[in-house]
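A look at the structure
Here are the chains, one letter per residue:
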Amino acid sequence: MSIDSNLSDQETTALLRGGDEQAFDLLFRKFYPGLVFFARRIVPGHGIAEEIVQDILFKLWQRRADFDNYISLKGFLYISTKNACRDSIDKEQRKLNRDHNWYLSNTTTEADVEENIIYAEVLIEISQALDRLPEQCRKIMKMSYEQGMSGKEIAETMQLTVSTVNNQKARGIILLRKILSTNGFTILLVLLHRDMM
Amino acid sequence: MTLHLIGGISEDERTLLNQWINNSERNAQLFNRITDAATLAGALLELQGTDTETALLNAKQKIAEEKYKQIRPATWHWTRIAAAASIILCLSVGGYFLLHQKTSPQIAQTQTHDIAPGNNQATLTLANGQKIILTKGLNGKLAQQGNMSIRVNSGNEIAYTASATKGEPIQYNTLSTKNGEQSPYPLILSDGTKVWLNAASSVTYPTAFVGKERVVNITGEAYFEVVHHAAQPFKVNVNGQTIEDIGTRFNINAYHDEPNSKTTLLEGSAKVSFGTNSELLRPGQQAVLHAGGLSVNEADTEETMAWKEGMFRFNSATLDNIMKQVSRWYDVDIVYQDEALRSKHFSARTTRFGRVSQLLHNLELIGEVKFRVEGKKIIVLNR
């Protein structure tokens, strides 16, 4: 049985609560990169960030029965990741205090953390929406927006005409808007979430 | 792109958005950050480089192990059923992995001889010969050189801070990595330029930049983020080439055992010169120095920068090139049973921080190749 990735977030949360492992896989794949990105804005080490996020996602599975809705699930992920990152820094600090009397200055404030949550959310949504574009359209969008390639460069790489490339880019933007708004998501809502947290 | 997406919102939503932006300086800054194309591109690339699948496999294994632990016989007459259940669970966990491997006796062999990946370590050699081993987790002052102090700063970077007295003679230091090492921190040169090193590489630099130009030398592979000073251009010497940089980000790959050296520009502008030839690069382009001279092509920036993101990324790379990267990172020798195998092409992607068997399994699945690991040697065979 394969989960339809067109499931709503609420449906996926409900399935997870019921112990559906494929729902877990879906959520893992959706949140892992964004959470690691978020964690790396707090802890310096790449390895530490990944360990922390893997740990949190495993806890998500262990506590699956606790999540009534998607918002509380997301809240858990970000807040737990933030706390685990802070704990990791405090641990490093205590080690250093014993050895060298040097200080790790932790400059991430609560406001920084909130901003980074929002940014991570935006990234996750855009990244997911990009993955749902048709193959050629997606490749072109990624080359254009991730790698900063010009229309001409993309046309040459993919052996297409520049007008085809431009058409696909326009199509991509329209499709992205549709996908993002169907999910009930707009940049606006994400920004307003901040006031709710 | 996000600006375009925002263009799709309604009038009311737009009003709300504007109100929100005007509410505080912080909101305005956040909005700018989200809609900045370059930041978004970098962030999406960073997201891409995350090895989600390996992490997911780890998580699923833990979940399976937990399920197994929960099936413990309550009373004696459940023992046989529990034993059967645990065998089935072991099989299904194992089966999950078997599904991703072709069964063959060689696989078992590769698993018993496996090699751990490299780690974040480098050696800083000062002009006076003093060596400092750099690993992750250091903090504070590392050394004093004349009136310069070398420290790991709060941003986890190695920085030079000059104190009041001037007129000290310029000294040259070298930051280097062996096989199996890569920079644990970026090095910040006295002008603010940042450098990262891959395995088996080095950068030699002066403690202060005086004179008309800023010049450093490298071997192997290094990534630079240069601070722009129009009056004092930044130059990197490597392999007889000079890369002149104009406030940019670029990666140089110039190992002696590779047929070509490649300079890839990510951002800004750079000029690559070799003898009387020179090429001016635009972002996303790569200057390749090969036997016939210098040429320019479009770069695969994901593949080029994968090492810095902790990944191996091969897009139709030759096995020769792949195994050379493996030998530098895992510190092993490569032996080919059939030289023709060197020119086979593979595309693969995996974390650098896994054991070598992970990458080798991927390659075996993709193509007509087999590997055998013997101590610190990997033998490449025909399938």
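Everything below is about the structure printed above this text.
Attention here is on the structure that accompanies the text.

Reading guide: rules and limits
Residues numbered from 1 in each chain as written. Chains lettered and ligands numbered in written order. Predicted model: local features only at pLDDT ≥ 70, side-chain atom pairs only at ≥ 80, totals over all residues. Heavy atoms only, no water. Helix = DSSP H or I, 4+ residues; strand = E, 2+ residues; numbered from the N terminus. Buried < 20%, exposed > 50% of the residue type's maximum accessible area, 1.4 Å probe, protein only. Contact = heavy atoms within 4.5 Å. Areas by Shrake-Rupley, 256 points an atom, 1.4 Å probe, with all protein chains shown as cover. Core = buried A, V, L, I, M, F, W, Y, C linked by side-chain atoms within 4.5 Å. Pairing = 2+ DSSP bridges. Axes fitted to C-alpha atoms, helices over the stretch in contact; angles between N-to-C directions.

**Observations concerning the overall build of chain A**
A count of helices and strands for chain A gives nine helices and zero strands. Listed N to C, the secondary structure of chain A is α-α-α-α-α-α-α-α-α in terms of helices and strands. The buried share of chain A, reckoned over its 197 residues, is 49%. Excluding contacts between residues fewer than 6 apart, the proportion of contacts in chain A whose partners are at least 24 apart in sequence is 61%. Accessible area of chain A: about 9,400 Å², with a carbon and sulfur share of 50%.

**Let's talk about the nonpolar core**
Counting residues in each nonpolar core, the largest one holds 38 residues, and the members touching the most others are V216, F224, V236 and I252 of chain B. Setting aside residues up to four positions removed in sequence, F224 of chain B forms contacts with T193, K194, V195, V216, I218, F234, V236, T248, R249, F250 and I252 of chain B.

**Some points on the environment of F76 of chain A**
Residues and elements named next belong to chain A. Looking at the element boundaries, F76 is found in helix α4 (residues 70-99). For F76, a relative accessible area of 14% translates into the label buried. In sequence terms F76 and L60 are 16 residues apart; their C-alpha atoms lie 8.1 Å from each other.

**Here we look at the pairing of strand β14 (residues 249-254) of chain B**
All names here are of chain B. Burial analysis of β14 places five of its six residues in the buried class, which makes it a mostly covered element. Across five bridges, β14 lies against strand β15 (residues 261-267) in antiparallel orientation. When the bridges of β15 are listed, N251 appears paired with T264. Taking the residues between adjacent antiparallel strands as the criterion, β14 and β15 are bridged by six residues.

**Considering the sheet that holds strand β21 (residues 333-336) of chain B**
All names here are of chain B. Overall, mixed pairing links the three strands, which are arranged β21-β24-β23 in an open sheet. Looking at the sheet topology across the chains shown, the edges are occupied by β21 and β23 (369-374). Between one strand and the next, the sheet's axes are offset by a mean angle of 25°, whatever the strand orientation. Sheet topology places β23 next to strand β24 (residues 377-382); six bridges connect them, and they run antiparallel. Paired with V373 across the bridge in β24 is I378. Seen against the sheet, helix α10 (residues 356-366) touches β23 and β24 and runs at an angle of roughly 160° to β23.

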